[in-house]
Amino acid sequence: MSAPGRAKRESLSEQREGIQTRLASSYDVAIVGAGAAGLAAATECARAGLATVVFDEQPAPGGQIYRAITTTPLTNRDLLGPDFWHGEGLVREFERAGATWVPGATVWAVTRSDNGFEIGLSSDGAARLLEARQVILATGALERPMPIPGWTLPGVMTAGAAQILLKASGLVPEGRIVLAGTGPLLLLVAAQLARVGASIACLLDTTPSGRWRAALPHALDFLASPYFAKGLAILRDARRAARIVKGVERIEALGEGSLQRVRYVADGRTEELPADLLLLHQGVVPNINLANAIGCTHRWDEAQLAFAPVVGDWGTSSVAGVAIAGDGAGIAGARAAEARGRLAGLQAAHVLGRLDAAARDRAAAPARAELARFSRGRAFVDAMYRPADAFRIPTGDTIVCRCEEVTAQQVIDTVKLGCTGPNQMKSFLRCGMGPCQGRLCGLTVTELIARERRLAPGEIGHYRLRFPIKPIPLGELAALPQTEEAKQAVVRIGKAH
Amino acid sequence: MKRLPEAQASSIPVTIDGRPFAARAGDSVAATMLAAGVTACRTTPVSGSARGPFCMMGVCFDCLVMIDGRPNQQGCLVPVREGMRIERQSGARIAIDAPQGQP
């Protein structure tokens, strides 16, 4: 690492020290998430002279794609490749732009206030509230749940988790590793793990045969896209890294207390192999919890098999003053997320009077071109790696809701009793009411109910989420400063008795 | 999990269930546990079955652990600190807020 690199780390850690004292009580723009979209949005807002604050749960900027970009212990840059290191420039310009960065902070509420919005956040064991005139959500994506029998066993993780351990900690799994699922990230993780010496027993490819037929209409677009050459390289590396079993139709994780074996069905034959680690992955989906709780309108995206917020050209949502940028507004990848972040940032600067429409449009032109370039080929990837029904819509005793340990059969039985949707399902089964707040079961429950009721997932809808969107201790809430009005309300009730 | 040679830098002392472990500065609590070979970090309140870190990015809540006496902390979001006491937790936790030794 060069000397400027070290200086950057120091400046970031200094910021970390003084969060609670240094935060102002109000900002022009609050941005949730310091990944590709959040960093780009913050850069544009701060450059336009807006008082900008960025909240992120991680201790270092970068989100998940550029996870630990300023702190990774990996010195061999080829290991993570140029697509990862692209994030360095993004962080550098973010640091220079002068936004306030609040790492290790969870935003658990965004509600309307007199001057815009009140943001509830929690960091270092303390909650606080502050105000912002505009809000940009850049909450990114999470890996699509892959509910197979035994997916809750220790020793079963997501492929993304293994990549995070590598990027952030230089940790490489030992023992017999099985990867399973579909999509580019699964292949990329296989290649990266092999490069650092992990022994991959096999990769169980659940991509249904014949998907290329559905993808074919989008093939020309894909061939002309930046993803084509990268995709070929990843495929080649993955084939070198692992024995790939194609056409896998069913997978079970087996073991007492932790993973010991993986059983799978391919070509009608059942096979079983010993395993110490099973890494699951079948694409990523928008992380919509905050947008959903704010009340932004969402729609079902049939191509991506997920709910996504409805947004305009500048990322504006159905709630005035709230914009959504990056994969949180629909999966399009890191470079598209960066472009969408810039557009949302420029629009905030326009709405708050820092840029007139002409200046905004001029500044937005390069981002629009980037967005167009990196949106090409997405339809092909979506069609090619559309996860099979069997791995999205489970049956029998397979756990759907990991937190409350609700099975697929319980959800199906409850639909048969007359339960019509995910919100009603909560009162029957507590499904989606555990600490993860439906992040790991929302899509599965919607699709299960939709199939049972023979309706489209969009007609069934998603859980209606409420604040706080992540559990926080009551003590933290109670310690928040109270307004005189709120105190009076309690005092009056006390006197009435 | 094994550590790549270039990542074997400065270590800080922590305890996991009372046993001393040399953690890597900068790692999360969940990464520290996995580096120590601890794959299961809790049992569930519903069935008592074992769980370990799953997503490593703060969404799944399966890596909940007790940190310095505070239960239900997301291990993957908390960076390790020198002298940290990390404990696996079993079943439902009582939501105590005051650190030990305080009223």
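Everything quoted here is computed from the prediction, not taken from an experiment. (Residues numbered from 1 in each chain as written. Chains lettered and ligands numbered in written order. Predicted model: local features only at pLDDT ≥ 70, side-chain atom pairs only at ≥ 80, totals over all residues. Heavy atoms only, no water.)

Caption draft 1: Spatial organisation of the overall build of chain A. A count of helical and extended segments in chain A gives 20 helices and 22 strands. Computed over the C-alpha atoms, the radius of gyration of chain A is 23 Å, within 12% of the 23 Å expected from 2.2 N^0.38 for a compact globule of 497 residues. For the C-alpha atoms alone, the extent of chain A along its principal axes is close to 70 × 65 × 40 Å. Counting all 497 residues of chain A, 59% fall into the buried class. (Helix = DSSP H or I, 4+ residues; strand = E, 2+ residues; numbered from the N terminus. Rg over C-alpha atoms; globule rule 2.2 N^0.38 Å. Buried < 20%, exposed > 50% of the residue type's maximum accessible area, 1.4 Å probe, protein only.)

Caption draft 2: How the structure looks around the packing of helix H6 (residues 184-195) of chain A against helix H9 (residues 227-241) of chain A. All names here are of chain A. Following both chains from N to C, one finds H6 and H9 inclined at 55 degrees, their axes separated by 8 Å at the closest point. In terms of orientation, H6 lies oblique with respect to H9. Here the hand of the crossing between H6 and H9 comes out left-handed. Contact residues: Pro184, Leu187, Leu188, Ala190, Ala191, Ala194 and Arg195 in H6; Ile234, Leu235, Asp237, Ala238 and Ala241 in H9. Grouping the constituent residues of the contact of H6 with H9 by class yields 10 nonpolar, no polar and two charged. (Axes fitted to C-alpha atoms, helices over the stretch in contact; angles between N-to-C directions. Parallel < 35°, antiparallel > 145°, perpendicular 65-115°, else oblique. Left-handed = near helix turned anticlockwise from the far one by under 90°. Contact = heavy atoms within 4.5 Å. Nonpolar A, V, L, I, M, F, W, Y, C, P; charged D, E, K, R; others polar.)

Caption draft 3: Spotlight on the interface of chain B and chain A. Tallying the contact residues gives 36 residues for chain B and 49 residues for chain A. Per-residue buried area on chain B facing chain A is highest for Met1, Lys2 and Phe54 of chain B; these three make up 22% of the total on that side. The tally of links from chain B across to chain A stands at one salt bridge. Across the pair Asp62 of chain B and Arg402 of chain A runs a salt bridge whose closest N-O atoms are separated by 2.6 Å. Counting every contact that joins chain B to chain A gives 13 residue pairs in polar contact (both at pLDDT 80 or more). When residues in the side of chain B that touches chain A are grouped by element, the largest group, three residues, is from helix H1 (residues 29-35) of chain B. Of the residues belonging to the side of chain B that touches chain A, the class tally is 20 nonpolar, seven polar and nine charged. Bridge count between strand S9 (residues 171-172) of chain A and strand S1 (residues 2-3) of chain B: two bridges; the pairing is antiparallel. Across the sheet, residue Leu171 of chain A finds its bridge partner in S1 of chain B, namely Arg3 of chain B. (Buried area = accessible area lost by both parts, 1.4 Å probe. Salt bridge = Lys/Arg side-chain N within 4 Å of Asp/Glu carboxyl O. Polar contact = N/O pair within 3.5 Å; in protein donor to acceptor, adjacent residues only side chain to side chain. Pairing = 2+ DSSP bridges.)

Caption draft 4: Focus on the pairing of strand S1 (residues 26-32) of chain A. Residue and element names in this part refer to chain A. With six of seven residues buried, S1 lies mostly within the body of the structure. Where S1 and strand S6 (residues 126-137) come together, six bridges link them in parallel fashion. Residue pairing in the sheet places Ser26 in a bridge with Glu131 of S6. Pairing geometry for S1 and strand S2 (residues 52-55), over four bridges, is parallel. Directly across from Val32, in S2, lies its bridge partner Phe55. For the segment spanning S1, helix H3 (residues 36-47) and S2, crossover handedness is right-handed. (Right-handed = clockwise from strand over helix to strand, strands pointing away.)

Caption draft 5: Molecular detail of the packing of helix H11 (residues 334-351) of chain A against helix H12 (residues 357-375) of chain A. Residues and elements named next belong to chain A. Two elements in contact, H11 and H12, have axes separated by 8 Å at closest approach and are oriented at 165 degrees. In this view, H11 runs roughly antiparallel relative to H12, as classed from their interaxial angle. Here H11 and H12 pass one another in a crossing that is left-handed. Counted together, Arg335, Ala336, Ala339, Arg340, Arg342, Leu343, Leu346, Gln347 and His350 of H11 and Ala357, Arg360, Ala363, Ala364, Ala367, Arg368, Glu370, Leu371 and Phe374 of H12 form the full contact between these two elements. A class-by-class count of the residues in the contact of H11 with H12 yields 10 nonpolar, two polar and six charged.

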